[in-house]
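Each chain, written out:
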Amino acid sequence: MMQDQYGRKLNYLRISLTDRCNLQCRYCMPEEGICTIKQQDYLTFDEILRLVRIMAGQGIRKLRLTGGEPFVRKGVPRLVQQLCAVEGIEEVDITTNGVASRDIDWKQLVEYGLHGVNISLDALDPIIYQQITGVDGLEQVMQTIQDALAVGLRVKINCVPVCGINEQEIISVAQLARNYPIDVRFIELMPIGTGARWKGVDSRQVMDRLESVFGPLEPAGSANCSEEAVGPAICYRPEGFVGRVGSISPMTHPFCASCNRLRLTADGKLKTCLYYDEVLDLRELLRNGATDAVIEKRIVEAVYDKPDRHRFQEANKEMSEPTGDGSEQKYARNHKKMVQIGG
Ligand code: SAM
Ligand code: SF4
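In this report, we go over the structure that sits alongside the text. Treat the numbers as computed from the prediction; the structure is a model and nothing was measured.

1. Comments concerning helix α5 (residues 138-150)
Next, step 1: Relative to the 18 Å expected for 13 residues at 1.5 Å per residue, α5 spans 18 Å between its end C-alpha atoms, a close match to the ideal helical length.
Next, step 2: Of the residues making up α5, those classed as buried are L138, Q140, V141, T144, I145, A148 and L149.
Next, step 3: Turning to α5, the residues buried within the fold contact α3 (106-112), β6 (116-120), α4 (126-133) and β7 (154-159).
Next, step 4: Immediately downstream of α5, the backbone of G152 shows phi near 90°, a positive value.

2. Concerning the packing of aromatic side chains
Next, step 1: Throughout the structure, instances matching the rule amount to four aromatic pairs.
Next, step 2: Considering the side-chain rings of F71 and W106, the 5.7 Å spacing of their centres and the 85° angle between planes classify their relative orientation as edge-to-face. Of the two residues, F71 is situated in the loop between β4 (62-66) and α2 (76-84) and W106 in helix α3; the sequence distance between them amounts to 35 residues. W106 shares its class with F71; the two are buried.
Next, step 3: Measuring from centroid to centroid gives 5.0 Å for Y275 and F312, while their planes differ by 85°, and the two rings are edge-to-face. Residue Y275 is located in the loop between β12 (269-271) and β13 (280-281), and its partner F312 is located in helix α12 (residues 312-315); the two are separated by 37 residues in the primary sequence.
Next, step 4: Residue Y275 is classed as buried on the basis of its relative accessible area of 1%.
Next, step 5: By way of ring pairs, the aromatic residues Y275, Y276 and F312 are connected into one cluster.

3. Some points on the side chain of R311
Next, step 1: With respect to the element layout, R311 can be found in the loop between α11 (292-304) and α12.
Next, step 2: In this structure R311 comes out as buried when scored by relative accessible area, which is 6%.
Next, step 3: In terms of polar contacts, R311 uses its side chain to reach the side chain of D308, at 3.0 Å.
Next, step 4: Polar side-chain contacts of R311 include one of 2.7 Å to the backbone oxygen of R309.

4. Looking at the side chain of N158
Next, step 1: Along the chain, the position of N158 falls in strand β7.
Next, step 2: Residue classification places N158 among the buried positions, given a relative accessible area of 10%.
Next, step 3: A distance of 3.0 Å separates a polar atom in the side chain of N158 from a polar atom in the side chain of R185.
Next, step 4: The residues contacting N158, other than those within four sequence positions of it, are T95, N118, I119, S120, L121, D122, R185 and I187.

5. Description of the pairing of strand β8 (residues 183-187)
As a general feature of sheets, a regular strand has side chains that alternate between the two faces.
Next, step 1: In terms of residue burial, β8 counts as a mostly covered element, since five of its five residues are buried.
Next, step 2: Side chains D183, R185 and I187 project from β8 onto one buried face, and the interleaved V184 and F186 project onto a second face that is buried too.
Next, step 3: Across four bridges, β7 lies against β8 in parallel orientation. Opposite N158, over in β8, you have R185 as the bridge partner.
Next, step 4: Bridge count between β8 and strand β10 (residues 244-248): five bridges; the pairing is parallel. Bridged to R185 within β10 is G246.

6. Looking at the environment of P30
Next, step 1: Its location among the elements puts P30 in the loop between β3 (12-16) and α1 (45-56).
Next, step 2: Put simply, P30 and H310 are 280 residues apart on the chain and 23 Å apart in space, counted from C-alpha to C-alpha.

7. A few points about the packing of α1 against α11
Each pair of packed helices can be summarised by the angle the axes make with each other and by the distance between the axes.
Next, step 1: In contact at an axis separation of 10 Å, α1 and α11 are set at 65° when each is read in the N-to-C sense. Our classification of the angle between α1 and α11 gives roughly perpendicular. You can see that α1 and α11 cross each other, and the crossing is right-handed. Contact with α1, carried on its side by R50, L51, I54 and M55, involves D292, I295, E296 and I299 of α11 and no other residues of that element.
Next, step 2: Tallied by class, the residues present in the contact of α1 with α11 amount to five nonpolar, no polar and three charged.

8. What to know about α1
Next, step 1: Across its twelve residues, α1 extends 16 Å between first and last C-alpha, which sits within 8% of the 16 Å expected from 1.5 Å per residue.
Next, step 2: Counting buried positions along α1 gives nine out of twelve residues, so the element sits mostly inside the fold.
Next, step 3: The set of residues buried in α1 consists of F45, E47, I48, L49, L51, V52, I54, M55 and A56.

9. Some words on the site of ligand 2
Next, step 1: Around ligand 2 lies a shell formed by C21, L23, C25, C28, M29, G68, N97 and V339.
Next, step 2: Here the shell around ligand 2 is built from residues that sort into six nonpolar, two polar and no charged.

About the cut-offs
- Numbers given for residues are sequential positions, taken from 1 along each chain in its written order.
- Ligands are numbered from 1 and chains lettered from A, in the order in which they are written.
- Predicted model: local features are reported for residues with pLDDT of at least 70 only, side-chain atom pairs are reported and counted for 80 or more only, and whole-chain, interface and lining totals are derived from all residues.
- Working from all heavy atoms in the structure, the side-chain values ignore hydrogens and water.
- The helix count covers DSSP runs of H or I at least four residues long, the strand count covers runs of E at least two residues long, and both are numbered beginning at the N terminus.
- Expected span of a helix: the number of residues minus one, times 1.5 Å.
- Remark: exposure states derive from per-residue accessible area (1.4 Å probe, protein chains only) relative to the maximum for the residue type, with buried under 20%, exposed over 50%, and partly exposed in between.
- Only heavy atoms enter the contact rule, under which two residues are in contact if any of them lie within 4.5 Å.
- Here the aromatic set is Phe, Tyr and Trp, taking the six-membered ring for Trp, and pairing holds for ring centres within 6.5 Å; pairs whose planes are under 30 degrees apart are stacked, those over 60 apart are edge-to-face, and all others are tilted.
- Here a polar contact means two N or O atoms within 3.5 Å. Within protein one must be a hydrogen donor candidate and the other an acceptor candidate, and residues neighboring in sequence count only if both atoms are side-chain atoms.
- Note on pairing: DSSP must find at least two bridges between two strands before they are called paired.
- Each axis is a line fitted through C-alpha atoms, taken for helices only over the stretch in contact, and angles between the N-to-C directions span 0 to 180 degrees.
- Every angle not falling under 35 degrees, over 145, or within 65 to 115 is termed oblique; those three ranges are roughly parallel, roughly antiparallel and roughly perpendicular.
- Should the near helix be turned anticlockwise from the far one by less than a right angle, the crossing is left-handed, and should it be turned clockwise, the crossing is right-handed.
- The nonpolar class holds Ala, Val, Leu, Ile, Met, Phe, Trp, Tyr, Cys and Pro. Asp, Glu, Lys and Arg form the charged class, and all remaining residues, Gly among them, are polar.
- Being near a molecule or strand, for a residue, comes down to having at least one heavy atom within 4 Å of it.

Next up, the structure:
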């Protein structure tokens, strides 16, 4: 089991399959777009599989496929099938905007072993949805939610409330959990890339709004939800709800002390903390003929060095200001946009 210098066990890998996206969410993708990865620089699915096998040997148990938008890349179902079959991997999930997944055969994905899907949905008003994403896609997202539920997938909704964009949508998005067995999680906006240009609504305010409409909220058990048992979401079940509502508060209640996550970018870099730059070029190792043993050793070393915590709070006024605690001397600050990391 991989462990870092602070004794945290790392068993969760989030894999970005692409930095491209069919949407342009205002807080995620810059208006001017991004300089996308060159075709030859993407990790191939075989390279991803090799890395996952190596990392599963070191204790990675859970995988999440993300993007950009993962379904923009061709062949994702086959990759899911292969990842689910890797010895040691216990859970494979996917995060999608629910628009690019129009032609996905969810039943087949379940047969392959997909465990759950997180679907991003920031508004239920079609006009606001389009203002945020640039696309008239709400109907398709709702269809994706139905399709995923119909085949028995665990479905979670990710909603990022942003001041001046969708704060008025919090209650209607939460209402989705009234009739559907889903978790609607409100995520605090992090000042990453384009996100730094906006002000998020903090979780306390979100909870206040939810309680003003649904009454007092007591934390709901995590028995049905393996990720919550170790993950950062706190969930509540308002009276009369089939599903749950919850919050993820990286800004006001950082969960760094129990962070079990690593990230792999679409061009093959290992990232050990959202706040900091990538720390290891795995593509270079793979393509320069490194053996599995060498790759494993380099990963284990990089993971050991995982920074203790993010410093968004100290730095969220101005991303280029030093945080003042010397961490810059050891680690370089993240320079990527969220669409290039995948959340
Ligand atoms: N395209 C897929 C999707 O939208 O679900 C996967 C990638 S997207 C980057 C993953 C999640 O990150 C989305 O739920 C999105 O709302 C969230 N996100 C993007 N920028 C963020 C930010 N600055 N702070 C917090 N969450 C953010
Ligand atoms: Fe694309 Fe997801 Fe970012 Fe929206 S949040 S721009 S769907 S990557």
